[in-house]
Amino acid sequence: MFILSPYRYAATGAAATCTHAFDFDGVDEHITFGNILDFTADMTATIWIRVDTTSGLDYVFGKGSVGGSMPGWGVYRYGTKLYVQVRDSSNSYIAAGGNTTINTSTWYHIAAVLDIDGNATLYINGSAEATTGNISSLNGSYSNSWNLCIGAREGTSIGFYWDGKCAWSTIYDKALSSGEVSEDYNSGAPLDPTTHSAASNLVFWVKPDADDISSFPTVTEHDSGNDGTMVNCESGDIQDSVIP
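Numbering of residues begins from 1 in every chain and follows the order in which that chain's sequence is written. A pLDDT threshold of at least 70 governs which residues receive local features in this predicted model, and a stricter bar of 80 or more applies before side-chain atom pairs are shown or counted, although totals over entire chains, interfaces and linings include all residues. Processing note: side-chain calculations cover all non-hydrogen atoms of the structure and skip hydrogens and water entirely.

Asker: Give a description of empty space enclosed by the protein that names residues and reports values.
Answerer: Buriedness for pockets is judged along seven lines, at least five of which must meet protein on both sides within 12 Å for an open set on the 1 Å grid over protein atoms alone, while cavities are sets there where a 1.4 Å probe fits but cannot get out, and lining residues have an atom within 4 Å of a point. Grid points are joined across faces, edges and corners, and a volume is the space filled by probe spheres set on the points. In the structure shown here, the tally under the stated rule is one cavity of 30 Å³ or more. Here the largest cavity is characterised by a volume of approximately 60 Å³. Lining the largest cavity, in full, are Thr46, Trp48, Trp168, Thr170, Asp184, Leu191, Pro193 and Trp205. Elements supplying a minimum of two residues to the lining of the largest cavity: β4 (43-51) and β16 (163-172). For the lining of the largest cavity, the residue count by class is five nonpolar, two polar and one charged. Counting from the N terminus, the helices are the DSSP runs of H or I reaching at least four residues and the strands are the DSSP runs of E reaching at least two. By the convention adopted, Pro, Cys, Tyr, Trp, Phe, Met, Ile, Leu, Val and Ala count as nonpolar, Lys, Arg, Asp and Glu as charged, and the other residues, Gly among them, as polar.

Shown next, in the form of structure tokens:
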């Protein structure tokens, strides 16, 4: 169900109250944004997530990757741990994360920082996971012809559907510093990324809100106009959900 409540912004601040979230069933629901934003240079992907299960593997945000000969990048949950993986065209890969135990019914801010000549680092609630991955050790291409997705992994097949909620998601075309990740986390209060100190590097921003009601199944991408399509979803899959 869509709830007709808007995002509420502080009068002079950058923080905002997030009042909507996508709720995926882990069966076949997801959002596709077309063949955009290959990993060809430094980037950072952020997303707010809440899981409904801690068994199996599901994928929340990315383009390709996670298993098989599928180059690209992706953020996923395996059991009670979160990871970011980067895989190249030779089927070599690295993964970062897997240190923090996550729980159901709890919101987490996730930031996957990818330094193409250095490491992949996963941040949870503004803190870096101890396990990083050396992207510079990979030699192949990370580009692919698949869709950027929220709620699933698309590659030679589509699957690993997300079982849980996710809200604001962004991509920056730079590897954010730890301070910039903390700024985005904003002590647990979702940040309007157009006010972030790295706003000039923002290339993707999705925030489920009341404006999507009339355009369902289209999801507005607020930075560059690469709007998405909700697949196998109902209008009720955008729900009232306040973070934190």
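Asker: Explain the environment of His20 residue by residue, including any values.
Answerer: For His20, the position within the fold is in strand β2 (residues 16-25). When accessible area is computed with a 1.4 Å probe and restricted to protein chains, residues below 20% of their type maximum are described as buried, those above 50% as exposed, and intermediate ones as partly exposed. With a relative accessible area of 0%, His20 lands in the buried category. In the structure, His20 is positioned 187 residues away from Lys207 in sequence and 8.0 Å away in space, judged by C-alpha atoms.

Asker: Go over the sheet that holds strand β7 (residues 81-87) with me, naming the residues and quoting the values.
Answerer: An order of β8-β7-β6-β5-β13-β3-β19-β18 is seen for the eight strands of this open sheet, with the pairing classed as antiparallel. Each edge of the sheet is formed by a strand with only one pairing partner; in this case those strands are β8 (93-97) and β18 (218-219). At least two bridges found by DSSP between two strands are what make those strands a pair.

Asker: Tell me about helix α1 (residues 178-185), and please be specific about residues and values.
Answerer: Residues Glu180, Val181, Asp184 and Tyr185 constitute the buried set of α1. The arc enclosing the buried residues of α1, seen along the axis, measures out at 145°, which places them on a common side. The contact definition used throughout considers only heavy atoms, calling two residues in contact when any of these lie within 4.5 Å. Those residues of α1 that are buried are in contact with β4, β9 (108-114), β10 (119-124) and β16. Directly after α1, the chain includes Asn186, whose backbone phi takes a positive value near 55°. What the arc measures is the spread of directions leading from the helix axis to the C-beta atoms.

Asker: Could you give an account of the side chain of Lys207, with specific residues and numbers?
Answerer: With respect to the helices, strands and loops of the structure, Lys207 is situated in the loop between β17 (202-206) and β18. Lys207 gets classed as buried once you look at its relative accessible area, which sits at 9%. Under the rule applied, a polar contact is a pair of N or O atoms within 3.5 Å (in protein, one hydrogen donor and one hydrogen acceptor; residues adjacent in sequence only if both atoms are side-chain atoms). Among the polar contacts listed, one links the side chain of Lys207 to the side chain of Asp209, at a separation of 2.6 Å.

Asker: Any chance you could break down the packing of aromatic side chains for me, citing the residues and the numbers?
Answerer: Ring pairs are drawn from Phe, Tyr and Trp, using the six-membered ring of Trp, whenever the two centres fall within 6.5 Å, and their geometry is named by plane angle: stacked under 30 degrees, edge-to-face over 60, tilted for the rest. Under the definition given, this model contains eight aromatic pairs. For the ring pair Phe61 and Phe204, a centre distance of 5.9 Å and an interplane angle of 35° mean the geometry is tilted. Of the two residues, Phe61 is situated in strand β5 (residues 57-63) and Phe204 in strand β17; the sequence distance between them amounts to 143 residues. A single burial state applies to Phe61 and to Phe204, both of which are buried. When the centroid spacing of 5.9 Å and the interplanar angle of 75° are considered together, the rings of Trp168 and Trp205 count as edge-to-face. Here Trp205 lies in strand β17 and Trp168 lies in strand β16, a separation of 37 residues in the sequence. Accessibility classification places Trp168 together with Trp205 in one group, the buried group. One aromatic cluster in this structure is built from Phe33, Phe61, Trp73 and Phe204.

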